[in-house]
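Residue-level structural notes
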Amino acid sequence: MAHEFTPPGLVSGPPPADDAAKDIAKPRAFPERGVPVITGVNRVGLLALYMKEVRRFLKVQTQTIWAPAVTTLLFLVIFTVALGRGGREVLGVGFASFVAPGLIVMGMMQNAFANSSFSLLSGKIQGTIIDLLMPPLSPGELMAGIVAAAVTRAVAVGCTVALAMLLWPGVTLGIEHGWAIAWFGLMGAVLLALLGLATSIWAEKFDHNAAITNFVIAPLSLLSGTFYVIDNLAPIFQAVSRANPFFYVISGFRYGFLGESDIGSDAAVLAAAAGLGVLNIAVAIAVYLVLRSGWKLKS
């Protein structure tokens, strides 16, 4: 009578009842189709995106951090030599000390815009935008990672510019209201990072990005009271300056160092701080809706 050959280690016949029960109770290797695996905030993906953006600008830090510090210091040198002679004072301090805070936060805002406006635009031009759209990141997480990296660059540039200006004779950066320095600096960086992200979504080539930088961001920065107080302007130009959100960022940031501001009283400074917060929330919602729609990104 022939016998079936069973290889060593294998048992013929149905598995024992206990083993069958274990196989049934074992969870499936893959979830059901359409059931999200990541719930809540994708912290790992968000951190990875943030580190990618930070490493991108740190890899060329000579261009992204040190060069803006040198450029801003040149502004201080030129305007101090041209207008700061004869012991001229503005808001009760020397002209160099008056200009320095505005130059610091102006450098922060411009570099926050430059960083976020390059993120999606470079991907669209180089054909690597899929690397940002395919990972399991929601539009809010994508926006948060890019904006956080832009703010990080802004803070790095601000600290570098402040250190460079402290070495310039005649500049005194005493802290009168630390909350104003932190709040207005953060609000300015976030505002420009959001505007940069919106520009990155809209732009189709680097010329579009350069147009917004040269014809919108630069004029708003330079005509925001960085080098003067608006009380010296005609009433109509004072009204125009007060409609410029950059004016409140720069004047509020200066208020943190000098304790004085051409915004007005302390209550007016607090109102400006609250207004910038509301403006940033409104801009963030608008950018989020555009990003979620996939306009000019998924088409």
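Report follows, based on the coordinates. Along every chain, residues carry numbers that run from 1 in the direction the sequence is written. The model is predicted, so local features are restricted to residues of pLDDT at least 70 and side-chain atom pairs to those at 80 or more, both for listing and for counting; the totals for chains, interfaces and linings are taken over all residues. Excluded from the side-chain calculations are hydrogens and water; all other atoms, namely the structure's heavy atoms, are used.

**What to know about the environment of Val-105**
Here a strand is any run of E in DSSP of at least two residues, a helix any run of H or I of at least four, and the numbering for each starts at the N terminus. Looking at where Val-105 falls in the secondary structure, it is placed in helix α4 (residues 95-126). Judged by its relative accessible area of 0%, Val-105 is buried. Residues Val-105 and Gly-158, 53 residues apart in the sequence, show an inter-C-alpha distance of 6.6 Å. Only protein chains enter the calculation, and the probe is 1.4 Å; a residue is then buried if its accessible area is under 20% of its type maximum, exposed if over 50%, and partly exposed in between.

**Topic: the packing of helix α6 (residues 139-166) against helix α7 (residues 178-202)**
At a minimum axis separation of 9 Å, α6 and α7 run at an interaxial angle of 130°. Between α6 and α7, the angle falls in the class oblique. Crossing angle aside, the handedness with which α6 passes α7 is right-handed. Together, Met-143, Ile-146, Val-147, Ala-150, Val-151 and Ala-154 of α6 and Leu-186, Ala-189, Val-190, Ala-193, Leu-194 and Leu-197 of α7 make up the contact between the two elements. Throughout this entry, Asp, Glu, Lys and Arg are counted as charged residues, while Ala, Val, Leu, Ile, Met, Phe, Trp, Tyr, Cys and Pro are counted as nonpolar. The remaining residues, Gly among them, count as polar. When its residues are assigned to classes, the contact of α6 with α7 shows 12 nonpolar, no polar and no charged. Helix axes are fitted only over the stretch in contact, all axes being lines through C-alpha atoms; the angle between N-to-C directions runs from 0 to 180 degrees. Any angle between 65 and 115 degrees counts as roughly perpendicular, while under 35 counts as roughly parallel, over 145 as roughly antiparallel, and the rest as oblique. Working rule for handedness: look at the near helix, and if it is turned counterclockwise from the far one by less than a right angle, call the crossing left-handed; if clockwise, right-handed. The contact criterion used is simple: two residues touch if any of their non-hydrogen atoms lie within 4.5 Å.

**Regarding the nonpolar core**
Counting 72 residues, the largest nonpolar core has Ile-104, Leu-120, Met-165, Phe-184, Leu-192 and Leu-197 as the members making the most contacts within it. Among the elements of the structure, α2 (43-58), α3 (61-83), α4, α6, α7, α10 (245-258) and α11 (266-293) are those that each provide at least two residues to this core. Top element by residues in this core is α4. It accounts for 14 residues. For Leu-192, the contacting residues outside a window of four places in its chain are Met-109, Ala-112, Phe-113, Ser-116, Ile-217 and Phe-246. Take the buried residues of types Ala, Val, Leu, Ile, Met, Phe, Trp, Tyr and Cys, join any two whose side-chain atoms come within 4.5 Å, and each joined set is a nonpolar core.

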